[in-house]
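Below are the chains, spelled out letter by letter.
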Amino acid sequence: MAAKEHTKRSLSGEKGKTSLSSSLRRMILGIIFIVIVSFLLSVNFITNNERLAYTERNADSLLRTLSSRIASDIENYKELSRIIMTDDKLVTFLRADSESVDIGMINDTRYGVMDILYVTEGVDSVMVLREDMIMMATNRFFYKYDYDVMNEEEWKEDILKAKGRAVVTLNCNGVASRSDNKPVITIGREINDILSQKRTGVMLMNISVDTLAAMLNQLNYDENICILGTDKTFLAGNRELIQYYTDEFLSEKVVSVSHNTENGKVLISGCKVEGLPIVIMNISPYAPEGIPYTVLYVLLLLLSVFIVSAILVAAYIRNNITKPVFDLSKIMDSNKQTGELKQIEKEMKYSELDMLKTSYNSMIDYVKELIGAVIDKEKTVQRMEMRVLQEQIKPHFLYNSIETIGYLALEAGADKVHNALETLGSFYRNFLSKGSREITLSREIAIVKDYLSLQKLRYGDIIEDEYDISDDVKNFIVPKLILQPIVENSIYHGIRIKGEKGTIKITGRLIDSALHLIVRDTGVGMSKEQIEEILNKKRDDSAEDESASFGLWDTIERIRIFCDREDVVRIRSEAGEYTEIELIIYSEGLWKNE
Amino acid sequence: MSRRYRVMLIDDEESARKLMRASIDWEELGLEVVGEAASGIEAINTIDDIKPDIAFVDISMPFMNGIEFTEVATERYPDLIIIIMTAFDEFEYARKCVSLPVFEYMLKPMVRSEVTQVLERVRERLDNIRDDSSEFDGDDGLSIPADINPTDQIKRFVEENYTDSQLNLAFVAQHFGFSSSYLSRKFKQDTGKNFVEYLTELRMNKAMKLAQNNTKMFLAASEVGIPDPNYFSRCFKKFTGKSYSDYMSEKRS
């Protein structure tokens, strides 16, 4: 049990130590996780950037186009204002003395101007103010005039500074405004007389913001574009964009600002139209068109290639390092459990593992060598002990003495003594039997016969012996001295204490290629308890137990070891009647021809 | 055909020899114990006179043990049946006998029934041999060159080699290419002496000289080619009528 638990623990590794494979798995998973996260983060970053850049680029080009368009439109109106300036009727109106100007003249002029205006669209009104502040205006009833402002010099300062070039402002520089409060874009310029080169008046040409709205409408920009005056006056487009207005948009370069709206992230871009007091704003959502799909696909491919190769590396390491290590450890463990010191035969693919295998094998060799040395030593010690024992028995001396005494007896006519000595000599000769541990059954029987005839000398006629040994078992090889202790047991614990004549019968038969030897005595018999005790006595108990049945048990144990199995003895007995001890000796092919 | 086969017992234990002689019913087996030797040396010296058919040889004997004797004897007496007697503690040594043409080797102490069994087999064997060779039982089949008298040569050879303890009639006969019986007869005829007597005389004369020089008996024994001092002493007494020590002290005074 303890050994089992130990194995279990050693297989799963010591507590607190992780196995290479699990740490490897964790590492690989960790790397894959980190790679995926950084991939997602960078994809997100790149996508956002790209979309922003894309949207910005779009907005930029849109605003530039629009602003140049507006600028060119305004340029056209400026040209128109120059044409109006050279109109004969207007020139006449401006050259005329203050006194000669009458309503009719003004109307004439107005019609002249209007004639020109018919050709174009978008001009809401043209106002011309003479130096004496007499004014001619088309569409004049739609305007409210602020005469206070008009009489000041301030509103025309910029225009006069421009020295004849057109100046674009909003809402007539405050001189007038449409009565419906609709804003207008005003192109103002100084009018000089062609001949005298003297300033004769100022013209203000008001352009309706409807032209801008129409343009946006035509371009389908109603929703995303808002056109403002630099003073935040709404001119055209999507009025809602005003809320996003910042002063940054007053630059002529396109400026973009991101805003989060309820419809998602939007980019607000804006710029001032070059040379005009007009700001254009554009709103555009982050375009999905900006996502660099090709790049993403490449990245995704790289990612999957990486993950696959990581898994392959893990599998490779598992198959070529972890698994062989496991296999090695399993073989080593089985060595430990079986106790066989086997070399590892399995081929190792790699030199490192081979190194491990080789060192283990050489260790096994060394251990075997050590064990062999210990066994050899043990054997030598045993042999020495045996020699000392034999030396002490001194058979040569014993035999010579027996022969000498035998001769003396013979000489003295004591044939019986000679017979007894001869039997004793024969007994010892077979008993010591050249020191071998295994002998033929017939020799074993001879020992018993000699033993019994000597015992009969001692105890007279209380013992009778019978033998029934079939011819086919006479040369069966048995451990030496298996019958004598049993017979001895029969005499001392069976027949003698019964106090009457007894018979010992030894039967030998071959049954199923096993030798069955039965020693039957007609002694007092054995109790069940005694039988159980003898059969079940454990090896460890023998040391302290010097009881009567020791010789018997020792014999049984020797047969067990010889046959390498447990069921070698059967004991049958009836109290007061008999005891029958059956020895079953299995020995494969151990036959000897004598 | 009913000549009894001759048995020689070679054992340094007197009781063993006696027991063997007494306990076996030799007559019944058609055998006869004709001689004993207490050592290999003695056996070598007496075997030519005893002429045994069967020899029981004990292994452990001093001066020349049973194996050495067997080696010599099988060479000189190829027809001799040798039965080795051994105690089990000489077992390893006895295994050498397996390579020698030994009839049987038996364990000591002897058991009559076993010895009897072996002897019955021996007799059978001898009977067969005798039947086969009975027709050629003529003496010497060897041709002797008539012009050369070998006796002088033999005498010289023996004088030169008598200190060799293994020297005996059979050896000399083999050396000169005669049969033992021819040599024995021829030698007696020419010298008036038995070969064995002649050899013993040579050795004893030398021994007497050694005794006069105060040489210790066992040294003298080995010097004259009888390294078994017991047998030497018996030979000496038989030859001079005195024991070696008596002879030595007599000569000194």
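Residues numbered from 1 in each chain as written. Chains lettered and ligands numbered in written order. Predicted model: local features only at pLDDT ≥ 70, side-chain atom pairs only at ≥ 80, totals over all residues.

Visitor: Give me the overall build of chain A: which residues, what numbers.
Guide: When you go through chain A residue by residue, the secondary structure sums to 15 helices and 19 strands. By the burial criterion, 27% of the 594 residues in chain A qualify as buried. The contacts in chain A between residues at least 6 apart in sequence include a share of 62% that link residues at least 24 apart. (Helix = DSSP H or I, 4+ residues; strand = E, 2+ residues; numbered from the N terminus. Buried ≥ 20, exposed ≤ 12 C-beta atoms within 10 Å, placed from the backbone. Contact = placed C-beta atoms within 7 Å.)

Visitor: Break down the overall build of chain B for me, citing the residues and quoting the values.
Guide: What chain B contains, in helices and strands, is 13 helices and five strands. Taking all 253 residues of chain B together, 40% fall into the buried category. Sequence-distant contacts in chain B: of pairs separated by 6 or more residues, those separated by 24 or more amount to 64%.

Visitor: With reference to specific residues and values, describe the sheet that holds strand E1 (residues 123–130) of chain A.
Guide: All names here are of chain A. As summarised here, the arrangement of the five strands in space is E2-E1-E7-E6-E4, forming an open sheet in which the pairing is antiparallel. Each edge of the open sheet is held by one strand with a lone partner, namely strand E2 (135–137) and strand E4 (167–170). Neighbour to neighbour, the strand axes of the sheet diverge by 20° on average, direction disregarded. Summarising the sheet, E1 and E2 pair through three bridges and their orientation is antiparallel. Paired with Val128 across the two strands is Met136, which belongs to E2. Against the sheet, helix H2 (residues 20–85) contacts E1, E4, strand E6 (184–192) and strand E7 (199–208), and its axis sits at roughly 140° relative to E7. (Pairing = 2+ DSSP bridges. Axes fitted to C-alpha atoms, helices over the stretch in contact; angles between N-to-C directions.)

Visitor: Got a sec to walk through the interface of chain B and chain A? Specific residues and values, please.
Guide: The interface of chain B with chain A comprises 16 residues on the first partner and 17 residues on the second. Looking at which element gives the most residues to the side of chain B that touches chain A, the answer is helix H1 (residues 14–23) of chain B, with six residues.

Visitor: Summarise the pairing of strand E10 (residues 255–261) of chain A; cite the residues concerned and give the values.
Guide: All names here are of chain A. Of the pairings in the sheet, the one linking E10 to strand E11 (residues 264–272) comprises seven bridges and is antiparallel in character. In the sheet register, Ser256 faces E11, and the bridge partner there is Ser269. Where E10 hands over to E11, the hairpin turn is made up of two residues, counted between the paired strands.

Visitor: Outline the confidence of the model for chain A, listing residues and values.
Guide: Averaged over every residue, the pLDDT of chain A is 83; residues scoring 70 or more account for 92%. When the criterion is pLDDT under 50, residues 1–14 of chain A qualifies, and its contacts beyond four places in sequence or with other chains add up to three contacts. (pLDDT = per-residue confidence, 0-100.)

Visitor: So what's going on with the nonpolar core? Which residues, and what values?
Guide: Val126(A), Met203(A), Met205(A), Ile227(A), Ile278(A), Ile280(A) and Met281(A) are the most contacted members of the largest nonpolar core, which has 60 residues in total. Other than its neighbours up to four places away in sequence, Met281(A) contacts Cys226(A), Leu228(A), Leu241(A), Tyr244(A), Tyr245(A), Phe249(A), Ile268(A) and Gly270(A). In this structure, Leu410(A), Ile10(B), Phe63(B) and Cys235(B) belong to the second largest nonpolar core, which totals 51 residues. (Core = buried A, V, L, I, M, F, W, Y, C linked by C-beta atoms within 7 Å.)

Visitor: Could you give me a rundown of the sheet that holds strand E8 (residues 225–229) of chain A, with the residues and numbers involved?
Guide: All names here are of chain A. Across the sheet, five strands lie side by side as E9-E8-E12-E11-E10; this open sheet has antiparallel pairing. Single-partner strands in this sheet number two, and they are strand E9 (234–237) and E10. Strand-to-strand twist of the sheet, defined as the mean angle between neighbouring strand axes without regard to direction, takes the value 20°. Along the sheet, helix H7 (residues 210–219) makes contact with E8 and E9, crossing E9 at roughly 25°.

Visitor: Explain helix H11 (residues 415–432) of chain A to me, using residue names and the numbers behind them.
Guide: Across its 18 residues, H11(A) extends 25 Å between first and last C-alpha, which sits within 8% of the 26 Å expected from 1.5 Å per residue. Among the residues making up H11(A), those that are buried are His418(A), Leu421(A), Glu422(A), Leu424(A), Gly425(A), Ser426(A), Phe427(A), Arg429(A) and Asn430(A). (Expected span 1.5 Å × (residues − 1).)

Visitor: If you had to explain the confidence of the model for chain B to someone new, which residues and values would you point to?
Guide: Residues and elements named next belong to chain B. For chain B, mean pLDDT is 85; residues scoring 70 or higher make up 88% of the total. No element of chain B has a lower mean pLDDT than helix H5 (residues 91–94), which averages 66, and none a higher one than strand E1 (residues 5–10), which averages 94. Counted against residues more than four places away or in other chains, residues 135–141, with its pLDDT under 50, gives five contacts. Interface confidence for the predicted complex, given as ipTM, is 0.76, next to a pTM of 0.52.

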